[in-house]
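Examination of the molecular architecture
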Amino acid sequence: MDPFDAGAGGLLRQPKAVWATAGASVVTFMGIGLVDPILPSIAQGLDATAGQVSLLFTSYFLITAFAMLVTGFVSSRIGGRRTLLLGLALVVVFAGLAGTSDTVGQLVGYRAGWGLGNALFVSTALAVIVGAAAGGSAAAILLYESALGLGMACGPLLGALLGDASWRYPFFGTAALMAIGFLGITAFLKEQPKPARRTSLLDPLRALGHGGLASAAVSAFFYNYTFFTVLAFTPFVLDMTPYASGAVFFAWGLLLAVFSVLVAPRLQRRFGSLKVLGGSLLLLAADVLVLGYGDHATAVACTILSGAFIGVNNTVYTELALGVSDAPRPVASAGYNFVRWFAAAAAPFLAPRIEEWTDIHVPFVVAAVTAVLGAVVVAVRREALTHEAAELEPGHAAEDGVTVFAN
């Protein structure tokens, strides 16, 4: 069935509950890149260094990593709807508080609370969309991935538009949009059935005992370091106005969305998941290396181009992690995310400090090396990773209702 076939109950004909959840998902994913174009403005407004401001990402994703051990525990006990609403409520509160910050320490702390809310919401959203969608899981997954791509693209644009007046406004704007999402889910989404078996806090860690899942998580850890060096450190290197930086990362996000939803599945069908992933990681390594050593125009072009490789990697890693082991997919997803999001926390913290210790080029050399290490893990652990994953149809891995955060 074609998921775009509206007559078949596909992508364009969904219940209000699905659209409410997907709309809230767009805003949630916007929160990841929202601060990108305003990082220099935040640093100036709060009299902070690049390293201090980069902690906005570190606190956000450090809490997200640990929250992955908790989200399944919570949702399997209180249900998907309540978990979504709890996550949205936390984002509304902490995004609003972030806009009132007087010091960078306050802002970093509020961003950590925001990360907890995001983790609770995003880890549950696809399960809810799949459960409520018409047209089968293929349409639901496509809708979710489209929401992810749209959010990643529009986050920097919203940050630029609101942040041009004040760095505080994007935080207030996000709080307002998430409040609307809260009301939409309250009005249109009914409670979803709870899982037959409750998830324990240790289940995700036990799942990592599987060699294939552990290998996918380690490879994704290295890849995420590269990903978030681009996302969190590059705005300081480009040193552009909020509007210009927002336009760059909007184009970056569009490439990410297109290659994640449309290009990656076609490449997988033709070449296989592992070949596509290994090749894309090596191309990403080359791209960030050129980004670090090129002139300003080259750095802008390479930043935008990296979105294509990141989009491909996100899709393949999602299916790889959720299809490689025999663990329930929600549990496998939680264990995988617990490992890989530590790199998302580390990169924004380390990249500015590496620049201070060396020069502006070296953080990108390190990012290129970590992307290559991710490809090396894929090559060396190919046999462990091949089980089911290489033959997965795009989107199949998420049929049990959970995908990885921010894909």
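Residues numbered from 1 in each chain as written. Predicted model: local features only at pLDDT ≥ 70, side-chain atom pairs only at ≥ 80, totals over all residues. Heavy atoms only, no water.

**Digging into the overall build of the chain**
Helices and strands together make up the secondary structure of the chain, namely 16 helices and zero strands. Buried positions account for 59% of the 407 residues belonging to the chain. A total accessible area of about 14,600 Å² is found for the chain, and carbon and sulfur atoms account for 66% of it. (Helix = DSSP H or I, 4+ residues; strand = E, 2+ residues; numbered from the N terminus. Buried < 20%, exposed > 50% of the residue type's maximum accessible area, 1.4 Å probe, protein only. Areas by Shrake-Rupley, 256 points an atom, 1.4 Å probe, with all protein chains shown as cover.)

**A few points about the nonpolar core**
Ranked by internal contacts, the top residues of the largest apolar core, which has 115 residues, are Ile42, Phe61, Phe171, Ile185, Phe228 and Trp252. Among residues more than four places away in sequence, those in contact with Ile42 are Val53, Leu56, Leu107, Trp167 and Phe171. (Core = buried A, V, L, I, M, F, W, Y, C linked by side-chain atoms within 4.5 Å. Contact = heavy atoms within 4.5 Å.)

**Focus on the side chain of Thr370**
Mapped onto the fold, Thr370 is located in helix H15 (residues 362-380). Engagement of the side chain of Thr370 in a polar contact is seen with the backbone oxygen of Ala367, the distance being 2.8 Å. Setting aside residues no more than four positions away along its own chain, Thr370 makes contact with Phe222, Tyr223, Tyr225 and Thr226. (Polar contact = N/O pair within 3.5 Å; in protein donor to acceptor, adjacent residues only side chain to side chain.)

**What to know about the packing of aromatic side chains**
According to the stated counting rule, one finds 17 aromatic pairs in the structure shown. Judged by centre distance (6.4 Å) and plane angle (75 degrees), the rings of Tyr60 and Trp114 are edge-to-face. Pair noted here: Tyr60 is in helix H4 (residues 55-78) and Trp114 is in helix H6 (residues 104-132), with a separation of 54 residues, a long-range link. Summarising the aromatic geometry, the rings of Phe233 and Phe364 are spaced 5.6 Å apart at their centres and angled 50 degrees between planes, so their arrangement reads as tilted. Taken together, the positions of Phe233 in helix H10 (residues 211-238) and Phe364 in helix H15 put the pair 131 residues apart, joining distant regions of the chain. Each member of the pair Phe233 and Phe364 is classed as buried. (Phe/Tyr/Trp six-rings, centres within 6.5 Å; stacked < 30°, edge-to-face > 60°.)

**Description of the environment of Thr124**
With respect to the helices and strands, the residue Thr124 is situated in helix H6. Relative accessible area serves as the criterion here: at 6%, Thr124 is assigned to the buried category. Here the alpha-carbon distance between Thr124 and Ser75, two residues 49 residues apart in the chain, equals 7.4 Å. Ignoring anything within four residues of it in the chain, the contact list for Thr124 reads Ser75, Gly80, Thr83 and Leu84.

**Some details on the environment of Leu143**
Mapped onto the elements of the fold, Leu143 is located in helix H7 (residues 136-163). Residue class for Leu143 comes out buried when judged on its relative accessible area of 7%. Counting along the chain gives 17 residues from Leu143 to Leu126, while the straight-line C-alpha distance between them is 9.4 Å.

**With respect to the pattern of salt bridges**
Throughout the structure, instances matching the rule amount to one salt bridge. Arg206 serves as the salt-bridge partner of Asp203, at 3.0 Å between the closest nitrogen and oxygen. A residue pair is termed a helical-turn pair when its members lie 3 or 4 positions apart in one helix, as Asp203 and Arg206 do in helix H9 (residues 203-207) at three residues. A relative accessible area of 53% places Arg206 in the exposed class. (Salt bridge = Lys/Arg side-chain N within 4 Å of Asp/Glu carboxyl O.)

**Points about helix H11 (residues 242-271)**
When the local axis directions of H11 are compared, the greatest deviation, roughly 45 degrees, occurs at Val263, which is followed within four positions by the proline Pro265. A positive phi of about 95 degrees marks Gly272, the residue just after H11. (Bend = angle between axes of the 7 residues up to and from the residue.)

**Comments concerning the environment of Pro37**
You can see Pro37 is positioned in the loop between helix H1 (16-33) and helix H2 (39-45). The spacing of Pro37 and Pro156 is 119 residues in sequence and 6.0 Å in space, taken between C-alpha atoms.

**Side note on the packing of H11 against helix H13 (residues 296-323)**
In helix packing, the relevant descriptors are the interaxial angle and the interaxial distance, both defined with respect to the helix axes. Running from N to C, H11 and H13 cross one another at 40 degrees; their axes reach a closest spacing of 7 Å. The angle between H11 and H13 falls in the class oblique. Relative to H13, H11 is oriented so that their crossing is right-handed. For the contact of H11 with H13, the class distribution of residues is 16 nonpolar, eight polar and one charged. (Axes fitted to C-alpha atoms, helices over the stretch in contact; angles between N-to-C directions. Parallel < 35°, antiparallel > 145°, perpendicular 65-115°, else oblique. Left-handed = near helix turned anticlockwise from the far one by under 90°. Nonpolar A, V, L, I, M, F, W, Y, C, P; charged D, E, K, R; others polar.)

**Structural notes on H15**
Over its 19 residues, H15 runs 26 Å from end to end, which matches the ideal 27 Å to within 8%, given 1.5 Å per residue. By the burial criterion, the buried members of H15 are Pro363, Phe364, Ala367, Ala368, Thr370, Ala371, Gly374, Ala375, Val377 and Val378. (Expected span 1.5 Å × (residues − 1).)

**Remarks on the confidence of the model for the chain**
For the chain, per-residue confidence averages 83 on the pLDDT scale, and residues scoring 70 or more make up 88% of the total. The secondary-structure element of the chain with the lowest mean pLDDT is H7, recorded at 76, while H15 shows the highest, at 97. Counting interchain partners and residues more than four positions distant, the pLDDT-below-50 stretch residues 1-9 has 17 contacts. (pLDDT = per-residue confidence, 0-100.)

**Here we look at unusual backbone geometry**
A positive phi angle, near 55 degrees, is found at Asp47, a position not held by glycine. Among the structural elements, Asp47 can be located in the loop between H2 and helix H3 (50-53). Of note, Asp239 is a non-glycine position whose phi angle comes to about 50 degrees, a positive value. With respect to the helices and strands, Asp239 occurs in the loop between H10 and H11. Given a relative accessible area of 61%, Asp239 falls into the exposed group.

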